[in-house]
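These are the residues of each chain, in order.
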Amino acid sequence: MPDFEDFKSGLMIALEHVKNHPANCWLFNLRAIDGLSEEEETWCQVQFFPQLMMLGQENFIALVVSESCYYRMLQEVGAYGLKSYNSFIIIDTFSKVSDAELWLRSHQRNTVG
């Protein structure tokens, strides 16, 4: 399990990669940590997501959480609450990687020109 500094570092490395190799689909596999801590969520909202939005493209983020976390979230916020939409970042939450990958593939840019 990554600590907070490793978590931030990993996302910033990914963000730098996307600046040089455009992509618009992200899969956050959080099953091992059973979701984000409040500190990690705050950092994503204040630091990571704004920088991602500055790339000026629509981004799709699939959050994969453990099944128990998924059902806990579902009870707390409902199915609509597991999704988040704005002009640049569309987030959906899943309990299975295969479902998240399928959703991301449906939003992947066609890179063949």
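Look up: the structure comes first, before these words.
Treat the numbers as computed from the prediction; the structure is a model and nothing was measured.

Turning our attention to the packing of aromatic side chains. This structure, assessed with the given rule, holds 9 aromatic pairs. Both rings, one in Phe48 and one in Phe49, keep their centres 5.7 Å apart while their planes meet at 55°; by these two values the pair is tilted. Here Phe48 matches Phe49 in class, with each residue buried. With 5.3 Å between their ring centres and 90° between their planes, Tyr70 and Tyr71 make a pair best called edge-to-face. For Tyr70, a relative accessible area of 18% gives the class buried. You can call Tyr71 partly exposed: its relative accessible area is 43%.

This next bit is on the nonpolar core. Phe28, Phe48, Phe49, Leu52 and Ile61 are the most contacted members of the largest nonpolar core, which totals 21 residues. Those elements giving two or more residues to this core turn out to be helix H1 (4-20), strand E1 (25-29), helix H2 (38-53), strand E2 (59-64), helix H3 (67-81) and strand E4 (89-94). When neighbours within four sequence positions are excluded, Phe49 is seen to be in contact with Cys44, Ile61, Ile89 and Ile91. Counting 8 residues, the second-largest nonpolar core is a separate cluster that includes Phe60, Ile90, Trp103 and Leu104.

Calculation criteria
Residues numbered from 1 in each chain as written. Predicted model: local features only at pLDDT ≥ 70, side-chain atom pairs only at ≥ 80, totals over all residues. Heavy atoms only, no water. Phe/Tyr/Trp six-rings, centres within 6.5 Å; stacked < 30°, edge-to-face > 60°. Buried < 20%, exposed > 50% of the residue type's maximum accessible area, 1.4 Å probe, protein only. Core = buried A, V, L, I, M, F, W, Y, C linked by side-chain atoms within 4.5 Å. Helix = DSSP H or I, 4+ residues; strand = E, 2+ residues; numbered from the N terminus. Contact = heavy atoms within 4.5 Å.

Distances and angles like these do not, on their own, reveal function.
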